[in-house]
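Understanding the architecture of this molecule
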Amino acid sequence: MAVNTNRHFGKGSSEPSFSNDGKLRLFSMRFCPFAHRVHLVLNAKNVPYNVAYINLSEKPEWYSEVNTTGKVPALQLVNEPNQPFLVESMVIAEYLDEKYPEVKLYPEDPFDKAQTKIWIERFNPIAGAFYRLVYEQNPDDVNAQLLNTFYSELGNYEAELVKRGTKYFAGAKPGIFDYAIWPWFERFGILSSVVGEKYNFDDRFPTLAKWLHATREDLAVQKHLLSTYTHTQFSLGRRAGTPHYDLLVEES
Ligand SMILES: N[C@@H](CCC(=O)N[C@@H](CS)C(=O)NCC(=O)O)C(=O)O
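From a predicted model like this one, the values you see are computed outputs, not experimental measurements.

Let us now look at the overall build of the protein. Within the protein, the secondary structure is distributed over 13 helices and five strands. Since a compact globule built from 252 residues should have a radius of gyration of about 18 Å, the 18 Å found for the protein is in line with a globular shape. A total of 252 residues make up the protein; the buried ones form 31% of that total. Partitioning the intrachain contacts of the protein with sequence separation of at least 6 by distance along the chain shows that 66% fall at a separation of at least 24.

The subject of this paragraph is helix H1 (residues 33-44). Counted at 1.5 Å a residue, the expected span for H1 with its 12 residues is 16 Å, and the 16 Å between its end C-alpha atoms agrees. Taken together, the buried positions of H1 are Pro33, Ala35, His36, Arg37, Val38, His39, Leu40, Val41, Leu42 and Ala44. Those residues of H1 hidden inside the fold are in contact with strand S2 (24-28), strand S3 (49-54), strand S4 (74-76), helix H3 (89-99), helix H7 (176-187) and helix H11 (219-222). A positive phi of about 55° marks Asn46, the residue just after H1.

Here we take up the site of the ligand. Around the ligand, the neighbouring residues are Met29, Cys32, Pro33, Phe34, Leu56, Gly70, Lys71, Val72, Pro73, Glu88, Ser89 and Met90. Listed by contribution, the elements that provide at least two residues to the shell around the ligand are H1 and H3.

What follows covers the domain arrangement of the protein. Domains assigned within the protein are domain 1 (8-104) and domain 2 (110-217). Taken together, the contact pairs nine residues of domain 1 with eight residues of domain 2. Here the side of domain 1 that touches domain 2 gets six residues from one element, more than from any other, and that element is H1.

Let us look at the sheet that holds S3. The strand order S1-S3-S2-S4-S5 describes an open sheet built from five strands, whose pairing is mixed. Both edges of this open sheet fall to strand S1 (8-9) and strand S5 (85-87), since each of them pairs with a single strand only. Here H1 sits on the sheet in contact with S2, S3 and S4, set at roughly 150° to S2.

Moving on, we get to the packing of helix H5 (residues 124-135) against helix H6 (residues 140-164). Helix-helix packing is characterised by the crossing angle of the two axes and by the distance between the axes. Contact geometry for H5 and H6: axes closest at 9 Å, N-to-C directions at 150°. Judged by the inter-axis angle, H5 sits roughly antiparallel to H6. Crossing angle aside, the handedness with which H5 passes H6 is left-handed. Every residue of H6 that contacts H5 at Pro125, Ile126, Ala129, Phe130, Arg132 and Leu133 is listed here: Asn143, Leu146, Leu147, Thr149, Phe150, Glu153 and Leu154. Of the residues contributing to the contact of H5 with H6, the split by class is nine nonpolar, two polar and two charged.

Take unusual backbone geometry next. Put simply, Val72 and Pro73 share a cis peptide bond, and its omega is 5°. Examined against the element boundaries, Pro73 turns out to sit in the loop between helix H2 (63-66) and S4. Even without being glycine, Asn82 reaches a positive phi, approximately 70°. Residue placement: Asn82 occurs in the loop between S4 and S5. For Asn82, a count of 6 C-beta atoms within 10 Å puts it in the exposed group. If you check the backbone angles, Glu88 has positive phi at about 75° while not being a glycine. Here Glu88 is to be found in the loop between S5 and H3. Residue classification places Glu88 among the partly exposed residues on the basis of 17 C-beta atoms within 10 Å.

Calculation rules
Residues numbered from 1 in each chain as written. Predicted model: local features only at pLDDT ≥ 70, side-chain atom pairs only at ≥ 80, totals over all residues. Helix = DSSP H or I, 4+ residues; strand = E, 2+ residues; numbered from the N terminus. Rg over C-alpha atoms; globule rule 2.2 N^0.38 Å. Buried ≥ 20, exposed ≤ 12 C-beta atoms within 10 Å, placed from the backbone. Contact = placed C-beta atoms within 7 Å. Expected span 1.5 Å × (residues − 1). Near = placed C-beta within 6 Å. Domains from an automatic or database assignment. Pairing = 2+ DSSP bridges. Axes fitted to C-alpha atoms, helices over the stretch in contact; angles between N-to-C directions. Parallel < 35°, antiparallel > 145°, perpendicular 65-115°, else oblique. Left-handed = near helix turned anticlockwise from the far one by under 90°. Nonpolar A, V, L, I, M, F, W, Y, C, P; charged D, E, K, R; others polar.

Here it is as structure tokens:
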């Protein structure tokens, strides 16, 4: 099957036929927020890459050779001896930042860099609460609790951005802080379909709302952007146990 289309490789598929063009090979899933991070880093750095999307419900047999854990993202370094694979979104991001330093995304200063990594790590409970709200059938009281966690943790990011007084977390331009958390912000609108009017992001977080609108315009983000409608469509299918990986293929 061809690479660089939105179609996902599934069980029984033969290995992707990448061309021998020396470009990095990214194994991804079109709706995965972790893989999304790597797309953003590569886009921001203008590093050309080929992509093969993986159906995570019915994985191709050959995918275990790419990543033994079966997860995406994975990045194949075609120009290194034995063409090894890297896994874990933030490990890949940091590798790319060092390998392609023309556009630097991590802060140079060791303390600033450490702080940025802490903020990215600290985002995990927000991503976790969001995931549970969207994908687990929760009674109202559990939803209310999760939404509380979600809002109170996000409040820390609102406060931090106010404190920094910059357009982006990284400064005048987006950096790894922004790109590492963006994939979830792009998807947060899905919550309207889960908790209805209780999802009132813009009212609660005016500074983050401004950041969201600015970041959405960024070129690296634009290259991989999907609408709330599309994310919601995918999440509804997945919630029903029938994720529609090729949603975009059939739409086009
Ligand atoms: N810590 C990993 C998480 C990656 C991850 O959980 N990816 C999900 C899709 S969004 C996955 O591959 N799930 C398939 C599976 O667990 O089998 C990272 O940052 O790369």
